[in-house]
Structures are given as structure tokens and as C-alpha cells.
Amino acid sequence: MKKSEVIKRINDESIIAVVRADNKDLAIRMIDAIIKGGIKIIEVTMTVPNAVDIIKELSANYKGSDVIIGAGTVLDAETARSVILAGAELVVSPCLSLDVIKLCNRYAVCVIPGVMTVTETVSALEAGAEIVKIFPANAFSPSIIKAFKGPLPQVSIMPTGGVSYENAGEWIKAGAVAVGTGSNLTEGAKTGEYDKITDYAKKLVDAVNEAKNK
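Below, the structure is looked at part by part. Along each chain, the written sequence defines residue order, and numbers are assigned to residues from 1. pLDDT decides what is reported in this predicted model: residues at 70 or higher carry local features, side-chain atom pairs at 80 or more are listed and counted, and totals for whole chains, interfaces and linings draw on all residues regardless. No hydrogens and no water enter the side-chain calculation; it runs on all heavy atoms of the structure.

Comments concerning the packing of aromatic side chains
Part 1: A pair of Phe, Tyr and Trp rings is counted when the ring centres sit within 6.5 Å of each other, with Trp represented by its six-membered ring. The angle between the planes then sorts it: under 30 degrees is stacked, over 60 is edge-to-face, the rest tilted. Tallied over the entire structure, the rule returns one aromatic pair.
Part 2: With centroids separated by 5.0 Å and ring planes inclined at 75 degrees, the aromatic side chains of Tyr165 and Tyr200 adopt a geometry described as edge-to-face. Of the two residues, Tyr165 sits in the loop between strand E8 (157-159) and helix H8 (168-173) while Tyr200 sits in helix H9 (residues 194-212), which places them 35 residues apart along the sequence.
Part 3: Looking at Tyr165, the relative accessible area reads 26%, which means it is partly exposed.
Part 4: Here the term buried applies to any residue with accessible area under 20% of the maximum for its type, exposed to any over 50%, and partly exposed to those in between, with areas from a 1.4 Å probe on protein chains only. Classification of Tyr200 by relative accessible area gives buried; the value is 13%.
Part 5: When the ring centre of Phe135 is taken as origin, the NZ or CZ atom of Lys133, which lies over that ring, is 4.7 Å away. Strands here are runs of E lasting at least two residues and helices are runs of H or I lasting at least four, both read from the DSSP assignment and numbered beginning at the N terminus. Here, a charge over a ring means that NZ of Lys or CZ of Arg falls within 6 Å of the ring centre while also lying within 35 degrees of the ring normal.

With respect to the side chain of Arg9
Part 1: Position of Arg9 among the secondary structure elements: in helix H1 (residues 3-13).
Part 2: According to the relative accessible area criterion, Arg9 is buried, its value standing at 15%.
Part 3: Polar contacts here mean pairs of N or O atoms no more than 3.5 Å apart (in protein, one a potential hydrogen donor and the other a potential acceptor; neighbouring residues in sequence count only if both atoms are side-chain atoms). A polar contact is formed between the side chain of Arg9 and the side chain of Glu13, at a distance of 2.6 Å.
Part 4: A polar contact is formed between the side chain of Arg9 and the backbone oxygen of Asp66, at a distance of 2.4 Å.

Structure representation (C-alpha cells):
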């Protein structure tokens, strides 16, 4: 999928599911439950053991479908290159690494760097990022988006960290183009109740769609 198409999907669907797990089998079961619930943009974090291999397998399995497989917690250009070779169509970082942005732009892959300040946001935009991730979002409130958009009305923002179906709509109404959500979404995996992940995903999709339609 082309970079422009990935960005459009992020803007259209407005949810990225962040998957952290202790092993491959757990990650796969989480992802299956998330997709069943209607969230089709998946971020497999580099904290998952053998994450690159998982991304390679998932990218092959979902090739040609409406599911986007991305990589998260990408801290350096070397890792970005590895996940792109494995098939990742999206690279997400918890921090601002200009090298990661440059590498992703070189290969026309969508990159979303993490930022906490207007200064970092400007640096990310100058380097070519088209969406930035406010992280950790639970250090702020949705009003932070208005504060950022005061001097930077052109910026597209995705909050991640502490986003739930209860507050996702508030972030969207505040101007977020998308939200990233992980631990709240995948809580059911701790007790093996994957149906709870699916149910949570459905609630999140409904909350975001309701907020976008108001």
C-alpha cells in the first residue's frame, strides 16, 4: 500500500491498535481479536520478542487485505529499515528521531514520531513527518491539541497512552486525526478472554465514529 493510502486510512479510520505481548502466539491472538472488533491498523511494538519476524508473517498473511501492519517503539533507523524490509507499512516511534523519519521518507513509508513539545513537533514536520504522536497522552488532556494547533494549525496529531473508549471521543472532538490505544484495548488477554478485546475494539470504533459524525 502506498504511503498516501496509509495516511488516508489513518485519517479515515482514526484508530491504531498498539500490540505489546510476551510472545508471538499471544500477539497473534490479540491481533486476531482486535481485527475481529473492527480495528484494521495494527502496530506491533519492538518490545514483543521476535517482533520483526511477527511483522513479516503478518504482512504476508494480510497482503492485499484492508489490514495495515505497522511497527511501533522504533527507536533508530536500523530498526526502521528492518521492519520495512519485513513488510511494515507504518513506522511509529515513542520519541523524535530525525534519522528514523529520514529513513522512512527515503522508502516512502508512513512514519509517526512521538513528540511532547511544539519545538519537537516543528522539527518532525520539517523532517517530513505528516502525523505526529503526542506521547504519553495521559500526561496531558485533550486541550493540548488546541494548544499545539494555535501556532501549528496544519499539524495532524495522534494521541497515544491512556486512550480508552471512554475518552477517545474527547480526543477526536479536540482535533486528533486518530488515536493510538494499547493496554486498555488488550486488557482481556491477561485472563485469556480474547472476546473482551473484540468487544472493547467495537466500543472504541463506535466511540470514534460517533465523535467524528458530530
